[in-house]
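Each chain is listed here by its residues.
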Amino acid sequence: MPAYYLEAFTVILGIVLLMFEAFGPSHSKKAIGLSAAAGLAAILVLLFFVKGPTEETASAPIWENFYAFDSLARFYKGFALVCTALVILMSIDYRSILSRYTDHPGSEAGTGEFYALPVFACAGMMWMASAKDLAGAFVALELVTISFYILVAYMRRNVGSLEAGVKYLILGALSTGFLVYGIAWIYGATGTMNLAAIAAKVQTIENTTPLLFGIGLVLVALGFKIGAVPMQVWIPDVYQGAPTPTTAFLSVGSKAAGFILLIRFLDPLMKPESPVAGPIVMILLLMATATVLFGNFAAIAQTNFKRLLAYSSIAHAGFLILALAAWTEGDPSELGSVNAVSFYLATYLLMTLAAFFVLAQVRILEDSEMIDAFDGLGKRSPMLAVAMTIIMAALAGIPLTVGFWGKFFVFLLAANAGLWWGVILAAIGASAGFYYYFKVIRSMWWNEPADKAKSVELPKISRVCVAALTTAVIVLGVWPQPILWLLG
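Calculation criteria
Residues numbered from 1 in each chain as written. Predicted model: local features only at pLDDT ≥ 70, side-chain atom pairs only at ≥ 80, totals over all residues. Heavy atoms only, no water. Helix = DSSP H or I, 4+ residues; strand = E, 2+ residues; numbered from the N terminus. Rg over C-alpha atoms; globule rule 2.2 N^0.38 Å. Contact = heavy atoms within 4.5 Å. Lys, Arg positive; Asp, Glu negative; His and termini not counted. Charge placed at Lys NZ, Arg CZ, Asp CG, Glu CD. Buried < 20%, exposed > 50% of the residue type's maximum accessible area, 1.4 Å probe, protein only. Phe/Tyr/Trp six-rings, centres within 6.5 Å; stacked < 30°, edge-to-face > 60°. Lys NZ or Arg CZ within 6 Å of the ring centre and 35° of its normal. Expected span 1.5 Å × (residues − 1). Salt bridge = Lys/Arg side-chain N within 4 Å of Asp/Glu carboxyl O.

**Regarding the overall build of the protein**
- In terms of regular secondary structure, the protein is built from 22 helices and zero strands.
- Over its C-alpha atoms the protein spans a radius of gyration of 22 Å, differing by no more than 12% from the 23 Å that the globule rule assigns to 488 residues.
- When the backbone C-alpha atoms are referred to their principal axes, the protein occupies close to 70 × 55 × 40 Å.
- Sequence-distant contacts in the protein: of pairs separated by 6 or more residues, those separated by 24 or more amount to 80%.
- Each charge class in the protein was averaged separately, 28 positive and 28 negative side chains, and the resulting centres sit 7 Å apart.

**Overview of the environment of Lys439**
- Position of Lys439 relative to the elements: it lies in helix α20 (residues 420-445).
- A relative accessible area of 12% places Lys439 in the buried class.
- Measuring from C-alpha to C-alpha, the distance between Lys439 and Ala197 comes to 50 Å, with 242 residues separating the pair along the chain.
- What Lys439 contacts, discounting residues up to four positions off in sequence, is Ala299, Ile300, Ala301, Gln302, Leu308 and Ile371.

**Re the packing of aromatic side chains**
- Under the counting rule described, the total for this entry stands at 26 aromatic pairs.
- Here the aromatic rings of Phe305 and Phe374 are separated by 5.0 Å at their centres, their planes lie at 65 degrees, and the arrangement is edge-to-face. Taken together, the residues span a long stretch of sequence, with Phe305 in helix α15 (residues 305-325) and Phe374 in the loop between α16 (337-366) and α17 (377-380) at a distance of 69 residues.
- Three or more aromatic residues link up through ring pairs in this structure, and these residues are Phe343, Phe404, Trp405, Phe408 and Phe409.
- The side chain of Lys407 reaches across the aromatic face of Phe319, ending 5.1 Å from its centre.

**Points about helix α7 (residues 113-129)**
- Under the 1.5 Å per step criterion, the end-to-end length of α7 is 25 Å for 17 residues, consistent within 8% with the ideal 24 Å.
- The buried count for α7 comes to 15 of 17 residues, which makes it a mostly enclosed element.

**Considerations on unusual backbone geometry**
- A cis geometry characterises the amide bond from Val229 onward to Pro230, with omega recorded as 10 degrees.
- Note on placement: Pro230 falls in the loop between α11 (209-226) and α12 (235-241).
- In this structure, Asp367 is a non-glycine residue whose phi angle is positive, near 55 degrees.
- Among the secondary structure elements, Asp367 is positioned in the loop between α16 and α17.
- You will see that Leu400, though not glycine, has its phi angle at about 70 degrees, which is positive.
- Residue Leu400 is classed as exposed on the basis of its relative accessible area, which comes to 62%.

**What about the pattern of salt bridges?**
- Tallied over the entire structure, the rule returns 13 salt bridges.
- As a salt-bridge pair, Lys167 and Asp237 come within 3.0 Å of each other at their nearest N and O atoms. With Lys167 in helix α9 (residues 159-190) and Asp237 in helix α12, the pair connects residues that are 70 residues apart, well separated along the chain.
- Take Asp237: its relative accessible area is 22%, and that puts it in the partly exposed class.
- Among the ionic pairs, Lys271 bridges to Asp267, the shortest N-O distance being 3.9 Å.
- Relative accessible area serves as the criterion here: at 31%, Asp267 is assigned to the partly exposed category.

**Things to note about the environment of Leu174**
- Tracing the sequence through the fold places Leu174 in helix α9.
- Looking at Leu174, the relative accessible area reads 40%, which means it is partly exposed.
- Distance from Leu174 to Met155, taken between C-alpha atoms, is 24 Å for residues 19 residues apart in sequence.

As structure tokens, then:
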């Protein structure tokens, strides 16, 4: 079966879900969410049985020019499917908050689309993973972005969600403008938007200034998508105001989509003989160190847990950019920059989604997203506090957790590339990260619970997901090889 059937099935699934929402029962939309997660799981299974266009449809020039299906595309398609399914499962247990701010607390009539829109965003992410042309990548990116415009502002009766939606719309518009303008300059300099053709054209360009200008514009645009400094403005506000499942999706899915596009974009430009590779490395290194330092130091003062995770997300983007700055190529089985970034994102998915699963339920039970809502969690819900302790330790990069390996591979690549001042500044930022992650741990175990604080009991779906993700954080921290196998 051709690989591009995966995206077709995903779009069809989204349309079926919208029909289900329109003509199905209005009192409960849980069945739509469960159907969405089951459909994405079925597509994930199909991922292991499809073939790329070069193997099955080589006679179709359109797929040869616009669609790639290699090990990297397979990994990120699976990443998008897993991430989207987990976010939808999180949304099912979050539907009481969605009902309160869309229609009214006693009805779920206004929540059905919330389970369908992530499916369309997932289709866009999957297309981006296979992008071979800047025009196709742009269209896929816009499908993702437009879906997020709606998801961020979905709680229309909540002022914070509406404010986040407006700010995300402005960020998205700026990003789109920079991206299109940058693509135009690159096309003018190389005469093509095909990434493979760009790699050949770059070698023959005498005046690289127009090309570098276009590359800079595209890096600015993608900086908005991944949350890199200095394009991180309003990202914490968007994360704080959006519904918690949307914030989780932005933090993991949207970031991964931005990085797969960045990887595809940089690959033809970072060849050893490329005349623009040196300037790009300097730009990436400056972005990486600034992003790591800003994200980690700005997170220290935060008292809102969702906002803290927003700055944490910015900091993690800095580590990922540092891996790209230390660009190295090799066989799929070797740990080059691409595999290091992919590994890091896989570990980030496990840690971050687990944290958001817990935060979503604390938001429902305590009606708060502040860190002090976790006060005394060790006494109220000891097992949940243990899971959160493991998750926070992994995000900090403690050894024997999967988060340690992600940072270790990044520092190893940067050191081997001789980017020592980048390594030193990133190490300083990582050290600052210990403070604010352990601030959450201190709140759970050392602070006394509030007088009216309740025991936090996770619903069945969230409980199973948190247990599975936490177990993966521990097991893969001791034995990270399965993720590396998937990358191969």
